[in-house]
Amino acid sequence: MEADAWLLRHLWPEVAPLTLGAGALAVASFVNFRTGAQLKNAIETDGEGRRSVLHSLLLFGLGAVAGCVRTVTFDSASERLRASMAAEVFAAKLLEEAQGKADSASVASMDSDVALCADFILKLQNLVRYTSSIVGGTVTMFRASWKLSAAVWPLLVTGALHGARAGAKRSAKSAQALAEKREEALAFAEERLQHVDLVRWFCRAEAEAKAFRRLCDASVEIASRSARVRGVSHLVLDWAAKSVLLGLASLGSQLVARGELTAGELTSYFFHASFLGLGLYGLVGLMPEVAVARTAAARLAATVTRRKEANQVPAAPFFKKPLKPLSLSFQDVHFRYSEAEVLRGFSLTLAAGETCALVGHSGCGKTSALRLLLRDFDATSGKICVGDQAIQTLATEEVRTLISVAPQAPALLGASVADAIAFGAVEPSTEQIEGAAKAASAHSFVKSRPQGYETPVGRGGELLSGGERQRLALARALIRESPILLLDEPTSGLDATTAAALAQAVLSQRPGRPTTLVATHSLALIRNCDTVAVVSGGRVEQRGKFSDLISDSAGHLAQIMRSGELEET
Ligand SMILES: Nc1ncnc2c1ncn2[C@@H]1O[C@H](COP(=O)(O)OP(=O)(O)OP(=O)(O)O)[C@@H](O)[C@H]1O
């Protein structure tokens, strides 16, 4: 029902053009129906009746105009429907909250679902055609011989409707299974193509192509099973329809023999019955196609609904602008992705404006803690607060407006360097963009390029080095001027001198400095932070100033230093 409601909501603005299209379709069908009679007239008047010829020409003209109107209205309505559905689903996918996992459905599978639904409009034309054929056939059949019609009509209609319903049910089921398999194959292909360098470097092209083929074969298996079932249904229907015809012929000939029907009337009866037959046959074929479109609509509607459910938290923002640096705290937080618990009683408090380095062995849960703050995931238990407000009580989008993030291995979105930085704010000025680039130690390398801030960055930033990408990602975070700043290994791609300059610029004491939490292995950053929190066993085991912690030779920080995990960059 949800799928139908969603589909109807998108169809609603198209009701007027579709009604016009359906009307034009009816006119075009009427003219087609009359064509034979007009030709007969032309032959019988031997080309003499000028009025009759003129009448025919006008009628054909009307039919041609109606055909044109039908094509234009249906085709453009179908494209508008496709655009409006694609736009809504894309917007929902961008904002979908599913515990950090973006829905794995690829853009390609979303596009094919949208296309299936939009084609539904074109199928509506067939529905009009088949229905008029059924109604017209029924009326003319009963008028020709009610006795014959009463004998076969209920049989034909009941059989066809039953076949259509069963076919629709089966098709919906197999279309869903097929869509899941295709989506799996598409996701596989998309991931390989996104990292095609890796595939080539490891000479995996042949192996990956074979693996993709295996995934495609799984779809073939489902489609073949469904085709076999359709084939058998077709066989049964075909045999049943011809048997009914045979019965009709035998009954009809008895009526002719009894003088209740002439041979001519029987012939014309078969002609009218063929209209009903064609209409019913078309309907039996159409219903499974409608069912497939409905399963596609159900998948799209589910995406939109998930997005709506995830955003039922307060609409009005809790924090008033202008935003000042906010304290933040993790209180006895526990968190697991699946089996093993990553955070086990994680507690950490930062005063407003404090900068803190989050240090620990690789895989100890530093990034996970940052992602909990960003509400990519929710903690299993415990409380996370910004200011004094638990983040679960705020709208996810509000939490994210309070936080800027420079992620590990960042991607850039935008055509140029200026675009990539501007992504972080709403229509920032050139001064703001350059200011953020300076603060992130990016300005000088950008200025050294012939195109300066108009230098193209490529897809995801692929035309830049890792270190350049990191600095632009940092500039993108800084330009937001949020009260909280999260940095995840922001200097791992930089040389020691640039890393030190960047650490100094971002973390130095200044008015309005955001509360900053830095997950890092970089000594340059650790030394420049006000405090250090050492994570071990899923909790903060050591907390204080770097100089104090390092002087405890048995402490966690000193142990990590001795293990050689901390570096200058
Ligand atoms: N999306 C995920 N799904 C399942 N497990 C995950 C996911 N992300 C991280 N993990 C696991 O959670 C643990 C903590 O990962 P996390 O990225 O938080 O560590 P980290 O301290 O930031 O590591 P590093 O210093 O190497 O960046 C690791 O064992 C990791 O394999």
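- For the protein chain, an unreviewed UniProt entry supplies the name ABCB10 protein and the organism Symbiodinium natans.
- Check the Subcellular location (unreviewed entry) section of the UniProt entry for the protein chain; it says "Membrane".

**Here we look at the UniProt feature "transmembrane region" (unreviewed entry) in the protein chain**
Stage number 1. Those places that UniProt annotates as "transmembrane region" (unreviewed entry) correspond, in this numbering, to residues 15-33 and 53-72.
Stage number 2. Span residues 53-72 is 100% helix and 0% strand, its end C-alpha atoms 29 Å apart.

**Here's the deal with helix α9 (residues 366-373)**
Each full turn of the α-helix corresponds to 3.6 residues, which orients residues three or four apart in the same direction.
Stage number 1. Most of α9 sits out of view: 6 of its 8 residues are buried.
Stage number 2. K366, S368, A369, L370, L372 and L373 are the residues of α9 that are buried.
Stage number 3. One or two steps after α9, the chain reaches R375, where phi turns positive at roughly 60 degrees.

**Some words on the pairing of strand β4 (residues 381-386)**
Looking down a regular strand, the side chains alternate between one sheet face and the other.
Stage number 1. Bridging between strand β1 (residues 328-336) and β4 involves 5 bridges; their strand directions are antiparallel. Across the sheet, residue Q331 finds its bridge partner in β4, namely K383.
Stage number 2. Inspection of the sheet shows β4 paired to strand β5 (residues 389-390) by 2 bridges, in the antiparallel sense. Bridged to C385 within β5 is A390.
Stage number 3. Between β4 and β5, which follow one another and run antiparallel, lie 2 residues, and G387 among them has a positive phi close to 60 degrees.

**Quick notes on the site of the ligand**
Stage number 1. All residues in the neighbourhood of the ligand are listed as Y337, V342, S362, G363, C364, G365, K366, T367, S368, Q408 and H521.
Stage number 2. At a separation of 2.9 Å, an oxygen atom of the ligand approaches a polar backbone atom of G363.
Stage number 3. A distance of 2.7 Å is found between an oxygen atom of the ligand and a side-chain nitrogen or oxygen belonging to T367.
Stage number 4. In terms of residues, the shell around the ligand owes the most to one element, α9, which gives 3 residues.
Stage number 5. Grouping the constituent residues of the shell around the ligand by class yields 3 nonpolar, 7 polar and 1 charged.

**A few points about the nonpolar core**
Stage number 1. In this structure, I421, L472 and V532 are the most contacted members of the largest nonpolar core, which totals 47 residues.
Stage number 2. In terms of residues, this core owes the most to one element, helix α14 (residues 466-478), which gives 6 residues.
Stage number 3. Apart from residues lying up to four places away in sequence, L472 is in contact with L412, V417, I421, A442, F445, V446 and L464.
Stage number 4. Within the second largest apolar cluster, 35 residues are counted, among which are V333, L348, I484 and V540.

Conventions used here
Residues numbered from 1 in each chain as written. Predicted model: local features only at pLDDT ≥ 70, side-chain atom pairs only at ≥ 80, totals over all residues. Heavy atoms only, no water. UniProt positions renumbered as here; feature names shortened; annotations may be inferred. Helix = DSSP H or I, 4+ residues; strand = E, 2+ residues; numbered from the N terminus. Buried < 20%, exposed > 50% of the residue type's maximum accessible area, 1.4 Å probe, protein only. Pairing = 2+ DSSP bridges. Near = heavy atom within 4 Å. Polar contact = N/O pair within 3.5 Å; in protein donor to acceptor, adjacent residues only side chain to side chain. Nonpolar A, V, L, I, M, F, W, Y, C, P; charged D, E, K, R; others polar. Core = buried A, V, L, I, M, F, W, Y, C linked by side-chain atoms within 4.5 Å. Contact = heavy atoms within 4.5 Å.

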